[in-house]
Each structure stands twice: as C-alpha cells, then as structure tokens.
Amino acid sequence: MISKADVIARYLPAQLTAGERGEAFAPSNIALCKYWGKRDQALNLPINASLSVSLAHLGSRTLITPSADGVDHVLLNGEEQATGSRFATKVVEFVDLFRRNSVQPLTIDTHNNIPTAAGLASSASGFAALMLALNDFYTLQLAPEQLSAFARMGSGSASRSIFTGFVEWQMGQREDGMDSHAVALNACWPQLRVGLVKVATGEKKVDSRAGMQRTVESAHLYQSWPLQAAVDLEKLHIAIAGRDFNLLGATAEQNALSMHATMIASWPPLLYWQPESVVAMQQVWELRSQGIDVYFTMDAGPNLKLLFLDKQQAEIESAFPGLEVVAPFLHQQCTADPSFTDAIKEA
Ligand code: DP6
C-alpha cells in the first residue's frame, strides 16, 4: 500500500521555494450522489464515483504566511487553535506532507464563512482551500486534477471542492490514486437553489470517516450501494444535461436515503437523524404532495439540504423559516456552457 508521503514525493520537486504568502478560497459542496466507502483508507480512494454541486461563495479561505516566532500557528475564524488539538493536528499533518524536510514554520489562517447555524461540515472546503493555498505559497503550479487528488488525501469530499458548479469525482483505478480526482462538469443551471435546514450543530459522535468504515465492514446492505451509486450517477448526468429538475431532485433524495439505509443497517447501528430531521423530511414530502417541487439530501449528520428552483423559493422559505438559500450558479461564469443561453432565456 502506498502512503500519502510516497505519492507526494512522486509528484513534487524535492526542494520547495516558499513565497511571502499563499492564499485561496474553496467552496463547500453538497453531494447529489454520495461518496460512501473507501477502497483505500490511507489515500481516501472511494468505492464509488460521486457528484456534487459547489456552494458558490460559501466555503473556506486560507492564508499561509511564514511564522515570525519559529513555531507553527493554526488559526480558525481568527482564533488560535492549541497545538495538538484535532483541527491543528489535521492541518499541520497535511501541510507536513508538502513541506517535508523544510523546517520553515508557518502561520495557517483559515476562515469559514459557512454560517455555523447552517450545520454544514467544512472539511471539504477546508482541505481544498488549504491545498490551493499551499499551491500558491510554494508556487507548485499543479494542474487542477492534481490539486483535486491531493486535496482528496486530506478529506475525500475535498477533491470536489477544488471546482465550482457541478463536479464529478471519478473513482479512478490507479494504486497511487492520481486518477481519483474530481472534474468540473460543463453545465450551468442558474435557477437551481440549495436550502440549508439546520436541525442541530456541533461535533458528531461518529465522523464520516469512521461511519463509512463501519458501514463497509458491518452492513450486508452495503453490497448494493456501489450499484445504486452507479445508476444514480448516470441519472444525474441525464438530469443535468436535460435540465430535468424532478429527475435531479428525486435521484439525489433516493441516493441520500439509500446511503442512510446502509448506515442504519450497520452494527452498532448508525443513525445520524434527529426527530427534527424526520419532521423536516415529512414536511418536504407534504410540500411535494401539494405540487411543490422540493427534494432533500443529507450527509452524515442530522441536517437537510433542500433542492428546488428559484420560482419556488418564496413558498419554500415560508415553509422553512430561517432557511439559508444558496444559488450555486449565480456568481459563476456560465459562458463555457453551450446551453447557457437557453437557460438565460428560461430564467
Ligand atoms: C456523507 O469526505 O468527510 O458527506 O474522506 O473520511 O474525510 P473522509 O470523509 P468525508 O465524507 C463525506 C461523506 C458524505 C458524502 C459526500 O460528501 O459525498
């Protein structure tokens, strides 16, 4: 089995040139077809391909500068994180993969603008922003696919946060994982909206990494997951190409529920839902029965992410007061998408 350090050594020069500062932003992302299960735990290589939509301006910004006092400093939202804390350890371990023998201490300052109240995990945008900031600081000039593959080594879902819009993380086959990276889909959907429903915030008892491992090891139901994911990925491509919102929403919702079914069938059982999660799901189903096109997806946590189109935003906001609504494509350059002109006409 290849280690992260071995992979890095293959692709980076032995000596790095540090700059004065490295800075980058990366968006958070919501998977419509989930990544659930690893074929390689060290490199975060997935059992299935996944597809997400990036959350435009919501994400992480990371600034790297040389440290003035001879030790590393890790800051999160303006607060210094204690050496050895979970966050600081993860950041420094990832940075060490790149700086290797260099002893230059750094200050790594990360700000998340994802409202804590939205209950969204930030490891995807966090590792993607850190990777992009390292690329800037050491003038690595890595290709987007390499940035994505390296960000994946921090956290699998970070591979998708290197890109904006719809993003597919291809599972790849290589042992060193360098073909397991995300690619941006050439598609734009300005009317699409993602609503963040907060059920609960705070640290989860079982994180995604442990949760997916438990599922792979103990749930017989997991055997059906790779097939479900492959079928859903195909459907999502069709939905995106044809701007078929109901197909997109239904596929994402079924995919999320299928993933949760595999967790529930694990041992010890893994149920991330709170009673309020179920209430919100039933509210979505009730709205659909009234003819309102709204669907949900959920990650390894109790919060729902709603999917709907701009024309139904007002109704959905009144059903879910305090909903944080994101327009994933509003700030994006959509000109590369040949169907963009049609989308503008429809809007
Ligand atoms: C349910 O990327 O957080 O959100 O690779 O172990 O860091 P690690 O896991 P992570 O898992 C995300 C799982 C998910 C689905 C998804 O985002 O695709």
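Residues numbered from 1 in each chain as written. Predicted model: local features only at pLDDT ≥ 70, side-chain atom pairs only at ≥ 80, totals over all residues. Heavy atoms only, no water.

Points about the overall build of the protein chain
Within the protein chain, the secondary structure is distributed over 10 helices and 13 strands. The C-alpha radius of gyration of the protein chain comes to 20 Å, within 12% of the 20 Å expected for a compact globule of 347 residues. Across its three principal axes, the protein chain shows a C-alpha extent of roughly 60 × 50 × 40 Å. Residues classed as buried in the protein chain amount to 54% of the 347 residues present. Put simply, 75% of the contacts in the protein chain that link residues at least 6 apart link residues at least 24 apart. Carbon and sulfur atoms form 54% of the exposed surface of the protein chain, whose accessible area is close to 15,200 Å². (Helix = DSSP H or I, 4+ residues; strand = E, 2+ residues; numbered from the N terminus. Rg over C-alpha atoms; globule rule 2.2 N^0.38 Å. Buried < 20%, exposed > 50% of the residue type's maximum accessible area, 1.4 Å probe, protein only. Contact = heavy atoms within 4.5 Å. Areas by Shrake-Rupley, 256 points an atom, 1.4 Å probe, with all protein chains shown as cover.)

Remarks on the site of the ligand
Looking at the ligand, there are 17 residues lining it, with Tyr 35, Lys 38, Ser 155, Gly 156 and Ser 157 nearest. Tyr 35 places a polar side-chain atom, nitrogen or oxygen, 2.6 Å from an oxygen atom of the ligand. Alone, the ligand offers 460 Å² of accessible surface; in the complex the protein occludes 91% of this. Top element by residues in the shell around the ligand is helix H5 (residues 208-218). It accounts for 3 residues. Considered class by class, the residues forming the shell around the ligand number 6 nonpolar, 6 polar and 5 charged. Split by domain, the shell around the ligand shows at least three residues from each of two domains, domain 1 (4-184) and domain 2 (192-346). (Near = heavy atom within 4 Å. Polar contact = N/O pair within 3.5 Å; in protein donor to acceptor, adjacent residues only side chain to side chain. Nonpolar A, V, L, I, M, F, W, Y, C, P; charged D, E, K, R; others polar. Domains from an automatic or database assignment.)

Side note on helix H2 (residues 86-99)
Owing to its 3.6 residues per turn, the α-helix aligns residues three or four sequence positions apart on the same side. Over its 14 residues, H2 extends 20 Å from the first C-alpha to the last, a length consistent with the 20 Å expected when each residue adds 1.5 Å. Looking at H2, one finds that the buried residues are Ala 88, Val 91, Phe 94, Val 95, Leu 97, Phe 98 and Arg 99. On the buried face of H2, the contacting elements are helix H1 (4-11), strand S5 (73-76), strand S7 (106-112), helix H3 (123-137) and helix H4 (144-154). Where H2 ends, the next residue or the one after it, Arg 100, has phi of about 45 degrees, a positive value. (Expected span 1.5 Å × (residues − 1).)

Side note on the sheet that holds strand S11 (residues 295-297)
Within the open sheet, the 4 strands sit side by side as S11-S12-S10-S13. Their pairing is antiparallel. Two strands bound the open sheet, and with one partner strand each, they are S11 and strand S13 (324-326). Here the strands of the sheet are splayed against their neighbours by 30 degrees on average, with no regard to which way each runs. Pairing between S11 and strand S12 (residues 304-309): 3 bridges, direction antiparallel. What sits directly across from Phe 296, in S12, is Leu 306. (Pairing = 2+ DSSP bridges. Axes fitted to C-alpha atoms, helices over the stretch in contact; angles between N-to-C directions.)

So, H4
Turning to H4, its buried residues number three or more, namely Leu 147, Ser 148, Ala 149, Phe 150, Ala 151, Arg 152 and Met 153. Residues of H4 that are buried in the fold lie against H1, strand S3 (45-46), H2, H3, strand S8 (166-169) and strand S9 (182-184).

Considerations on the pattern of salt bridges
Scanning all chains against the criterion turns up 10 salt bridges. One salt bridge connects Arg 10 with Asp 176, and the closest N-O pair in it is separated by 3.6 Å. One end of the pair, Arg 10, is in helix H1; the other, Asp 176, is in the loop between S8 and S9, with 166 residues separating them in the sequence. Here Asp 176 falls in the buried class, since its relative accessible area comes to 3%. (Salt bridge = Lys/Arg side-chain N within 4 Å of Asp/Glu carboxyl O.)

So, the nonpolar core
Grouped together as the largest cluster of nonpolar side chains are 87 residues, with contacts concentrated most on Phe 98, Met 131, Phe 150, Phe 166 and Leu 248. With 9 residues, H3 is the largest single contributor of residues to this core. Split by domain, this core shows at least three residues from each of two domains, domain 1 (4-184) and domain 2 (192-346). Apart from residues lying up to four places away in sequence, Met 131 is in contact with Phe 94, Phe 98, Leu 140, Leu 142, Leu 147, Phe 150 and Ala 151. Core analysis: the second largest hydrophobic core is formed by 15 residues, Val 197, Leu 304, Phe 308 and Ile 316 among them. (Core = buried A, V, L, I, M, F, W, Y, C linked by side-chain atoms within 4.5 Å.)

Quick word on the domain arrangement of the protein chain
The assigned domain composition of the protein chain is domain 1 (4-184) and domain 2 (192-346). The centre of domain 1, based on its C-alpha atoms, is set 24 Å off from the matching centre of domain 2. If you look at the interface, domain 1 gives 33 residues, while domain 2 gives 46 residues. In terms of surface lost to domain 2, no three residues of domain 1 exceed Leu 32, Lys 34 and Trp 36, which account for 27% of the buried area on that side. Seen at the junction of domain 1 and domain 2, the total is 2 salt bridges. A salt bridge links Arg 86 to Asp 207; the nearest nitrogen and oxygen atoms lie 3.6 Å apart. When residues of the side of domain 1 that touches domain 2 are traced back to their parent elements, those giving at least two are strand S1 (22-33), strand S4 (50-66) and S8. Across the side of domain 1 that touches domain 2, the residue classes break down as 18 nonpolar, 11 polar and 4 charged. (Buried area = accessible area lost by both parts, 1.4 Å probe.)

Observations concerning the environment of Thr 17
Residue placement: Thr 17 occurs in the loop between H1 and S1. Under the relative-accessibility criterion, Thr 17 is labelled exposed at 58%. As a C-alpha pair, Thr 17 and Ala 265 span 248 residues in sequence and 50 Å in three-dimensional space.

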